[in-house]
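Take a look at the letters that make up each chain.
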Amino acid sequence: MNTWLRLLSSLDGAVFSSPEELARLELSRALPEDSFALVPDPALGDGWRLSRSEGGWILRGGGTGLLYGAYSVILRRLADGELPEEEASSPRYSLRMINCWDNMDGTVERGYSGRSLFFEGGRCAWEPARMRELGRLLASVGLNVLCINNVNVHEPAQQLLEDSLPELARLADVFRPFGVRLMVSVDFSRPLHAGLPTADPLDPEVRAWWRGTAEKVYAAVPDLAGFLVKADSENRPGPYAYGRTHAEGANMLAEALAPFGGVLVWRAFVYNCHQDWRDTGTDRPKAAFEHYMPLDGQFAENVILQVKHGPFDFQVREPLSPLLLAMRQTAMAMELQLAQEYTGHQIDLYTMIPMWKELFEELPPNRITALAAVSNLGRDVCITGHPLAAVNLYTFGRLAWDPAVDAAGAVRDWVRLTWALPEAQEDVLTSLLLSSRRTYEKYTAPLGIGWMVNPHDHYGPNPSGYEYDQWGTYHKADRNAVGIDRTHAGTGYLDQYPEALRRKYGDPASCADLYLLFYHRLPYTWRMRDGRTLIQRIYDDHFEGYEETKALVESLKKLDFPAPDRELILSRAEMQLTDAREWCDIINTFFHRLSGIPDERGRTIYP
Ligand code: GCU
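Residues numbered from 1 in each chain as written. Predicted model: local features only at pLDDT ≥ 70, side-chain atom pairs only at ≥ 80, totals over all residues. Heavy atoms only, no water.

**Q** How should the site of the ligand be read in this particular structure?
**A** Lining the immediate surroundings of the ligand are 13 residues, of which E109, K230, R267, K308 and E341 lie closest. In the environment of the ligand, an oxygen atom lies 2.9 Å from a nitrogen or oxygen atom belonging to the side chain of E234. With respect to the ligand, the side chain of D313 contributes an N or O atom lying 2.8 Å from an oxygen atom. Here the ligand loses 96% of its free accessible area of 310 Å² to cover by the protein chains. Partitioned by chemical class, the residues of the shell around the ligand number 3 nonpolar, 2 polar and 8 charged. (Near = heavy atom within 4 Å. Polar contact = N/O pair within 3.5 Å; in protein donor to acceptor, adjacent residues only side chain to side chain. Areas by Shrake-Rupley, 256 points an atom, 1.4 Å probe, with all protein chains shown as cover. Nonpolar A, V, L, I, M, F, W, Y, C, P; charged D, E, K, R; others polar.)

**Q** I keep staring at unusual backbone geometry and nothing clicks. Help me out?
**A** Among all residues except glycine, the phi angle is most often negative; among peptide bonds, the trans geometry is most common. Following E155, the chain continues to P156 via a peptide bond in cis, the omega torsion being 0 degrees. Tracing the backbone shows P156 in the loop between β8 (145–147) and α4 (165–175). With an omega dihedral of 0 degrees, the bond running from A563 to P564 counts as a cis peptide bond. Checked against the element boundaries, P564 lands in the loop between α16 (534–557) and α17 (565–595). (Helix = DSSP H or I, 4+ residues; strand = E, 2+ residues; numbered from the N terminus.)

**Q** Where do I start with the nonpolar core in this structure?
**A** Among the nonpolar cores identified, the biggest contains 206 residues, and W4, F118, L146, W266, L556 and F591 are the most heavily contacted of them. Here this core gets 10 residues from one element, more than from any other, and that element is α17. Once residues within four sequence positions are removed from consideration, L146 is found in contact with I98, C100, F118, L134, L138, F175, V180, R181, L182 and M183. (Core = buried A, V, L, I, M, F, W, Y, C linked by side-chain atoms within 4.5 Å. Buried < 20%, exposed > 50% of the residue type's maximum accessible area, 1.4 Å probe, protein only. Contact = heavy atoms within 4.5 Å.)

**Q** Where do I start with the sheet that holds strand β2 (residues 48–52) in this structure?
**A** Backbone-to-backbone hydrogen bonds join strands into a sheet, with any given pair of strands oriented parallel or antiparallel. Overall, mixed pairing links the 4 strands, which are arranged β1-β3-β2-β4 in an open sheet. Looking at strand neighbours, the two that pair on one side only are β1 (36–40) and β4 (86–89), the edges of this open sheet. Taken pair by pair, the neighbouring strands of this sheet meet at an average axis angle of 15 degrees, ignoring direction. Pairing of β1 with strand β3 (residues 57–61), which is carried by 5 bridges, proceeds in the parallel orientation. When the sheet's bridge partners are listed, L38 is paired in β3 with L59. (Pairing = 2+ DSSP bridges. Axes fitted to C-alpha atoms, helices over the stretch in contact; angles between N-to-C directions.)

**Q** I'm lost on the domain arrangement of the protein chain in this one. Help?
**A** Where the parts come together, the accessible area they lose is often given as the size of the interface. Assigned domains of the protein chain: these are domain 1 (19–89), domain 2 (95–418) and domain 3 (421–484 + 521–607). Here the C-alpha centre of domain 2 lies 30 Å away from the C-alpha centre of domain 1. Facing the 14 residues of domain 1 at the interface are 15 residues of domain 2. Regarding the contact of domain 1 and domain 2, the summed buried area is about 1,200 Å², with carbon and sulfur atoms giving 59% of it. Considering only the surface of domain 1 that becomes buried against domain 2, Y68, Y71 and A79 emerge as the three largest contributors, covering 41% of it. The tally of links from domain 1 across to domain 2 stands at 2 salt bridges. The salt bridge partner of D46 is R96, with a shortest N-O separation of 2.9 Å. (Domains from an automatic or database assignment. Buried area = accessible area lost by both parts, 1.4 Å probe. Salt bridge = Lys/Arg side-chain N within 4 Å of Asp/Glu carboxyl O.)

**Q** Would you mind showing me how to read the sheet that holds strand β10 (residues 226–229) here?
**A** Within the closed barrel, the 8 strands sit side by side as β5-β8-β9-β10-β11-β12-β13-β14. Their pairing is parallel. Strand-to-strand twist in this sheet, taken as the mean axis angle between neighbours without regard to direction, amounts to 25 degrees. Sheet topology places strand β11 (residues 263–267) next to strand β12 (residues 303–308); 4 bridges connect them, and they run parallel. Its bridge partner lying in β12, L264 is registered against V303. Sheet strands in contact with α4 are β8 and β9 (181–186), and its direction is about 145 degrees off that of β9.

This is how it looks when you write it as structure tokens:
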């Protein structure tokens with residue numbers, strides 16, 4: 001496993017039982033002995049402060065703060081060779097969470113790095129050494145919550161709170177010295193399985209059942225971060241079945257967790273997944289806002305509403321969810337997805353931090369209180385499937401610590417720490433990674449439309465794959481036009497935004513090209529600001545995306561990656577090239593056949 005910690009010596013056999021002890025151990029191994037004095041300062045919590053002293057350096061911090069400070073110092077020293085005279089740092093968000101979508105049968109929903117790290121055959125099956133490696137990876141970039149099971153809680157995952165509780169406790173013990181607290185996804189309807197006649201959140205027996213469950217769970221894992229819940233979403237059970245609101249549902253669970261300091265993370269991914277494609281009155285991106293805005297102010301203090309970053313579902317490009325901008329009296333987490341579900345399955349290269357930075361440009365600094373990301377981890381030798389996909393885990397940690405992090409700087413740090421490449425090659429790889437999202441975007445779905453993927457597995461092109469089905473993700477391309485009018489005159493989605501954004505996107509003549517067809521329905525002959533027609537721009541982007549992928553593959557071949565990563569990276573690059581060709585051909589053909597308008601440059605489009 002080649003990671004950004006490759007320069008650190010192994011933890012095999014090392015003994016440590018707290019973040020502070022681990023901080024001392026890591027520093028003493030990585031840097032000259034006695035050059036660091038560690039001073040615990042509980043008031044600093046996760047934060048740390050570094051200062052120069054006569055004999056070396058003083059690092060102050062809370063228990064976990066010392067650990068984060070130690071990793072920051074060690075990695076900085078390894079990446080830059082230098083340390084500043086003085087520095088203080090503390091995380092922007094107190095919860096920096098990874099959500100694993102692992103099932104107890106060992107599969108991982110939307111997992112592209114092999115089987116589950118935690119489960120196999122319906123039971124817990126983790127390897128302690130691997131867990132320590134994982135704990136170290138997470139701690140090294142400041143991540144502190146790990147939800148280990150899928151939000152779709154299939155049997156027997158409920159056992160995690162029941163028969164498997166001792167295993168959960170053992171796992172929590174492994175992660176505790178890394179400052180990582182576990183979280184568990186729970187099934188809202190669990191009281192029914194326990195023999196209660198209802199799971200109604202206002203029913204006293206149901207409430208008592210959850211309180212009793214929380215008591216048992218916290219007796220085993222006293223520092224459990226809390227529960228994560230997907231309710232009334234994609235056919236999962238939830239409070240709607242009992243005529244209750246999501247505030248009532250969430251608060252009932254939050255009440256059970258409150259005595260133990262636990263948080264209840266409630267996902268806002270609720271929409272009608274049984275839509276009739278002829279129903280133009282329903283527009284899926286409006287759903288989260290419609291469900292949750294009326295509840296603003298009604299959630300208990302220890303509820304965090306977890307909102308996907310865009311209004312759809314982790315597409316290559318989506319605007320920031322309007323809910324994240326609108327809710328003022330509710331604690332919210334923004335949910336990102338490291339697993340490349342719609343973005344190439346960790347085969348195609350797709351570095352996410354440029355996208356995340358765009359989201360944060362529109363998000364006022366204090367609007368959210370936590371950050372979560374769906375995991376891209378698995379049991380493969382390369383823990384992120386594609387060795388270059390680890391950049392997304394690393395940079396997510398950096399972002400969750402400080403959303404103002406410089407994207408290029410963070411990617412470059414990762415490159416430098418992970419690969420022993422000559423400096424010129426580090427520059428090349430950094431820029432390939434930074435441009436990879438744009439390249440992927442060009443050869444896949446055009447100008448903010450998304451969704452032109454094969455249904456179900458979400459890999460490979462299928463322009464009409466989701467067009468006439470129940471999931472509500474339509475582009476409505478016909479022979480004249482494509483896109484959805486989401487302005488006030490159309491579905492009204494844009495009305496969910498503050499005035500400034502309404503103005504920014506409301507007029508197709510000034511709307512940024514990359515969001516154009518998300519917000520507007522336009523004829524193929526529409527003149528873009530650069531003078532090209534819309535259809536020509538679609539063709540050009542797709543051909544360019546393919547050409548850029550060709551160049552990307554050639555550039556990757558010239559880099560001195562070590563074995564066996566080199567073979568893995570290059571074989572995936574060849575697959576990406578095949579993908580890019582296929583996407584380019586299929587999407588361009590689709591639009592050519594519909595519109596009947598030829599490519600001005602006469603390139604081959606298979607009609
Ligand atoms: C997507 C994804 C599902 C997942 C869901 C969610 O729809 O395809 O596999 O369960 O998101 O976020 O809950």
